[in-house]
Structures are given as structure tokens and as C-alpha cells.
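# Working through the structure, step by step
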Amino acid sequence: MRCRECERVLLDGERCTGGSEGTLYRAHAHLANCPRCRNTFGGVAVANAALELLRDASKSLEASDEIERDLLITFRERKELLLRGGQQRWHFSRWAVAAALVIVAGVVGYIGMHVKFVHPMSPTLSSASVSSPSNAKHPILHRLAKKKDRPMRLHTTPSKTAIIAKSVNVPHENKDVSEAIRPEPKREAVASSSAPPVPENEGGTILRVTVPASSLQMIGLPVLPETANRRVTADITLDPYGVVQRVDLVQPRPIRK
Amino acid sequence: VTRLLSVPEITVKDQCPDDDRELLELMQAGEEQAFLALYRKYQPSLFRFCLHLGGSRHVAEDVTQETFVTLIRRPGKYDAERGGLLLYLFGIARRLVWARRRRQRRADELFTSLEERPEDFPITGPDLLSHLTHNEQLQQVRDAVLALPRKYREVIALCTLQELSYEQAAEVVGCSIGTIRSRMHRAKKILSQKLIEGVFRKTVRRGSSLRYES
């Protein structure tokens, strides 16, 4: 046997010899006679013998019976869980639906907070009450009224709460819009003495007009002669028959510097 | 719960098929006997592999249990075309042992437990003197194997102690046959050096390994 073959036998063991005792014996004989191989691979033979010792000593080792019992319990639990597979799928789908709802709610909330849809011709906008606190000075209404300089006809039913105008601070992030919907200054309401009181839940019209103060005399308001030439803005409440019920004077905005 | 905990008697029927694939299919269908047949077929080898790798009976039992729990929960992950079921279980156990070693990092728990438990490797000799001699030699070999670096130790455990072929060991470790072969040679050389030097002095190194100084 050559040294290289001896090395292979000693390192690979039974894999090289194929379980042949003769090959292993010849390798050991070569190892005993060859000083070079003895120096190089003498230790490997010792390692092989030691590992064989360890392997034989541990052959009878097994895990304890408790492991088997625990595993069997686990197996039965798993089996029962699989039998209730339908419920499990339902749990999954319920969670999925809940997660989807949360996502949708989040998206809707975000859109509601950050995006404002405004359309000048929308019916909601056209029916907004000028004297209503929530949208008394809507930007589009205000711009239209200012641009066309003519009274706007609003198809709303005036109620007593709508007639008593209040200025409300509405914060807004958009600069232009916040300017436009700046709260309207306080104003005084003057009831027409000749008209009967407005019945509740009756139809009516509010007109915002900008006219010379002298023209207010025509509807029965007392106007001082020195202020007769000034233009004033007023909300005129008409009943369904066109009779003036109430006049709300809108104070002019203070001029911003 | 009471029904689950009351395990009356565990017996494997004689007519259980030997084919692992059939046993696995039966196990997936909820057949207890098939699972028990698989367990009893592979548990000893798996336990010994974990013991040689981890060095502690406690760790070996835990890892054996975890490995079979993995098989119970995900039996579909085993691909019969890639190798035998034992190799698949060895692969799981190997990862679990090293993961546990990384987590714990306590050498005392892992290695001194071997010394405290001589019954892990029962000695069967003709008389007391041979028992003691045998025990001492065995302890020396065990320490030398446990002192090997991880990559060499698992090759020794697979190829020599579990008697797997190089191809099977390569399948478990996930490397080439040539790598297994070279690691095997290197491991035997290191092991022989440690055994020839004879006297080892244990010093616990930081982490979970042992350092032996002659």
C-alpha cells in the first residue's frame, strides 16, 4: 500500500475501504512500518479509534419518554385545530376585513382633513344661507357677489336662527380661502314694522344688496341725510310673497393694510 | 384539555408502513400511529446528533422536541425529492442547536452538564477498573469533540458518529461534498492533535465554547 492510499483509508475510513477489514488492516500495517505516515497520520488513527469509542458508547442513548408524550399532545392539539379549519379561516377573514376597514377609514379621514372640494355651482353652495354662521361668508359666494355687484338669490328657508347672524371664526389652512371666509362683522338687524312676523318653516328669500343708503328709506329705514350718499350692504329678508320682512345691515369690512 | 392530557398508552401498530412518505401522508391526515412510527424511527438518531452537537442532554431533548413539533406543524415543507426525512430533521435540528447556542451563550450550562451526567454515556465494562478507564477515555474524547469549532464538529457528528455519507452530510449542512471532505480531514487532524496532547486544561472562554490548553 502506498502512502497516499494509506492516507485516504485513514481519513475516509469505511467510505474508502467499503467496509473491508483487509484494506483497513493493510493501512494500519503501512502506518506501523512507514515513519513518515506514522508522523503524519498516526494521530488520525487515534482519532478514528476515539470516535468509534464515542459512537459505540452513545448508541443506546434516546430521549426520555416525556418528549414522546408531549409531542403526542401537541399532535392531537394540532389535529383538533385542523378539524376546526373553517373557523380558523373565518378568523383570518375577519381580521382581514377589520384591517381593510381601518385602512379605508384612515384614507377617508385624511381626505376629509386635507382636501376640500368646492364647486361654485353645486347645489349645496347655492342654497347656503348668507346669514348662516357656518357658511355666511363662503369664498365663492363672496367673490361672486363682489364681482357681479348684484344681489344673490339664495333658495333657502330663512329661520329665526338664520336671521340672527353671528360671526364665527373658522380656521382654515389655505390662505386665500381663510381670507375669503373671514368672519363677518357684527351687524344690526332692523325689522320692518309694517310686515307681519315671519311664520316658522315658511319659504322665503334673502337678498344681499349693496345700494345707496338713501334707497333704504324706500323700505322704511330711517337714514340720516349726511349718510344718504354712502353705499351700504344689507341682507333683505323677503317672505314668499315678496314683502320685506327684515333688513340686516352688513358692516363694511375694515380695510387691511 | 383533560382528554388531551390523558395519554393512555402509546403503541405503534405493526402494520404501519415503513415508507416515510406514506407515514407523512398518514400523519398529515391525523393518524397518530403514523406520527409515532416516524418519531420512534428517527428520534434516537436525532437525539444523539443533538447531543453530540450541543453537548447537553437537556439541550438535545429540547431540540429533538422542537424538531418534531416543526414536523407536526409544517409537514408539507419536507420535500422527499431532496433527500430522506432524517436528513431533513437533521437540518432542522442543526439550525435549532446553533440558534440555541447563540441565544444562551452560557458554556457552563452546555458543557458542565455533560460532566455532571455520566449516565448520558453509560459505561458497560467488565469491571470497575475498566469502567473507570473507559469513562476517562470517553470523557476525553467527548471534550475533544466539543472543543472542535462548529463547522468541524457538525461534520464529525454527521459523518462519523451518525455514519452518514459525505453526500448526505452535504445535504444537511448545505455545502458541497468537497467542503465536507476537507472539513472532515481537518476535523480529524485537530481531534488527533487534541487527543495526543493528552492533558487538557479547561478554561471557559467568553461565550459558550471551551478553550483547551495543554
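Data block above holds the structure.
So, here's what we can say about the structure. Since we're looking at a predicted model, the values are computed, not measured.

In terms of helices and strands, chain B carries 10 helices and 2 strands. When its helices and strands are written in sequence order, chain B yields α-α-α-α-α-α-α-α-α-α-β-β. Residues classed as buried in chain B amount to 51% of the 214 residues present. Relative to all contacts within chain B whose residues are 6 or more apart in sequence, the contacts with residues 24 or more apart total 61%. Summed over all atoms, the accessible surface of chain B reaches about 10800 Å², with 47% contributed by carbon and sulfur.

What follows covers the overall build of chain A. Broken down by element type, chain A carries 10 helices and 5 strands. Among the 257 residues that make up chain A, the fraction classed as buried is 33%. Residue pairs in contact within chain A that sit at least 24 positions apart in sequence constitute 62% of those at least 6 positions apart. By element, 57% of the accessible surface of chain A is carried by carbon and sulfur atoms, the whole surface being about 17100 Å².

The partner chain A presents 37 residues to the 54 residues of chain B that form the contact. Inspection of the chain B/chain A interface yields 3 salt bridges. A salt bridge links Glu-163 of chain B to Arg-55 of chain A, with the nearest nitrogen and oxygen atoms 3.9 Å apart. Scanning the region where chain B abuts chain A turns up 12 residue pairs in polar contact (both at pLDDT 80 or more). Listed by contribution, the elements that provide at least two residues to the side of chain B that touches chain A are helix H1 (2–5), helix H3 (32–54), helix H4 (57–73), helix H7 (128–146), helix H8 (150–161) and helix H10 (177–197) of chain B. The element that contributes the greatest number of residues to the side of chain B that touches chain A is H3 of chain B, accounting for 11 residues.

What follows is about the packing of aromatic side chains. All names here are of chain B. Per the counting criterion, the structure on display carries 6 aromatic pairs over all chains. A centroid spacing of 4.9 Å and a plane angle of 65 degrees characterise the contact between Tyr-39 and Phe-68, whose relative ring orientation is edge-to-face. Residue Tyr-39 is located in helix H3, and its partner Phe-68 is located in helix H4; the two are separated by 29 residues in the primary sequence. Both rings, one in Phe-49 and one in Phe-90, keep their centres 4.6 Å apart while their planes meet at 45 degrees; by these two values the pair is tilted. Here Phe-49 is found in helix H3, whereas its partner Phe-90 is found in helix H5 (residues 85–104), with 41 residues between them in sequence.

Next up on the list: the environment of Tyr-39 of chain B. Tyr-39 of chain B gets classed as buried once you look at its relative accessible area, which sits at 1%. Not counting the four nearest positions on each side in its chain, Tyr-39 of chain B is found in contact with Ala-63, Ser-64, Ile-67, Glu-68 and Leu-71 of chain A together with Pro-44 and Phe-68 of chain B.

Turning to a negative patch on the surface, a few remarks are in order. Among the surface-exposed residues, Glu-62, Asp-65, Glu-66 and Asp-70 of chain A lie close enough to one another that they form a single negatively charged patch. Topologically, Asp-65 of chain A is positioned in helix H5 (residues 65–83).

The complete set of buried residues in helix H2 (residues 20–28) of chain B reads Asp-20, Leu-23, Leu-24 and Met-27 of chain B. Looking down the long axis of H2 of chain B, one finds its buried residues gathered within 100 degrees of arc, a one-sided arrangement. In this structure, the buried side of H2 of chain B is in contact with H5 of chain A together with H3, H4 and H5 of chain B. At the exit of H2 of chain B stands Gly-30 of chain B, carrying a positive phi of roughly 100 degrees.

We now examine the pattern of salt bridges. For the coordinates displayed, the defined rule picks out 10 salt bridges over all chains. Close ionic contact of Lys-59 of chain A with Asp-56 of chain A constitutes a salt bridge, the shortest N to O distance being 3.9 Å. Residue Arg-100 of chain B is joined to Asp-62 of chain B by a salt bridge in which the shortest nitrogen-to-oxygen separation is 3.5 Å. With Arg-100 of chain B in helix H5 and Asp-62 of chain B in helix H4, this residue pair connects regions lying 38 residues apart in the sequence. Put simply, Asp-62, Glu-66 and Arg-100 of chain B are held in one network by salt bridges that share partners.

Turning to the side chain of Gln-162 of chain B, a few remarks are in order. Residues and elements named next belong to chain B. Considering the arrangement of structural elements, one finds Gln-162 in the loop between H8 and helix H9 (166–173). Here Gln-162 falls in the buried class, since its relative accessible area comes to 12%. When sequence neighbours within four positions are dropped, the list of residues in contact with Gln-162 reads Ser-45, Arg-48, Phe-49, His-52, Phe-90 and Ala-157.

This part covers the packing of H4 of chain B against H5 of chain B. Two numbers describe a pair of packed helices, the interaxial angle and the distance between the axes. Residues and elements named next belong to chain B. At a minimum axis distance of 9 Å, the contact between H4 and H5 shows a crossing angle of 125 degrees. Between H4 and H5, the interaxial angle falls into the category oblique. Note on packing geometry: the crossing formed by H4 with H5 is right-handed. On H5, the residues touching Val-59, Asp-62, Val-63, Glu-66, Thr-67, Phe-68, Thr-70 and Leu-71 of H4 are Leu-85, Tyr-88, Leu-89, Ile-92, Ala-93, Leu-96, Val-97 and Arg-100. A class-by-class count of the residues in the contact of H4 with H5 yields 11 nonpolar, 2 polar and 3 charged.

Cut-offs and rules
Residues numbered from 1 in each chain as written. Chains lettered and ligands numbered in written order. Predicted model: local features only at pLDDT ≥ 70, side-chain atom pairs only at ≥ 80, totals over all residues. Heavy atoms only, no water. Helix = DSSP H or I, 4+ residues; strand = E, 2+ residues; numbered from the N terminus. Buried < 20%, exposed > 50% of the residue type's maximum accessible area, 1.4 Å probe, protein only. Contact = heavy atoms within 4.5 Å. Areas by Shrake-Rupley, 256 points an atom, 1.4 Å probe, with all protein chains shown as cover. Salt bridge = Lys/Arg side-chain N within 4 Å of Asp/Glu carboxyl O. Polar contact = N/O pair within 3.5 Å; in protein donor to acceptor, adjacent residues only side chain to side chain. Phe/Tyr/Trp six-rings, centres within 6.5 Å; stacked < 30°, edge-to-face > 60°. Patch = residues over 30% accessible without salt bridge, like charges linked within 9 Å, V, L, I, M, F, W, Y side chains within 5 Å. Lys, Arg positive; Asp, Glu negative; His and termini not counted. Charge placed at Lys NZ, Arg CZ, Asp CG, Glu CD. Arc of directions from axis to C-beta. Axes fitted to C-alpha atoms, helices over the stretch in contact; angles between N-to-C directions. Parallel < 35°, antiparallel > 145°, perpendicular 65-115°, else oblique. Left-handed = near helix turned anticlockwise from the far one by under 90°. Nonpolar A, V, L, I, M, F, W, Y, C, P; charged D, E, K, R; others polar.

Everything listed is a geometric property; what it means functionally is a separate question.
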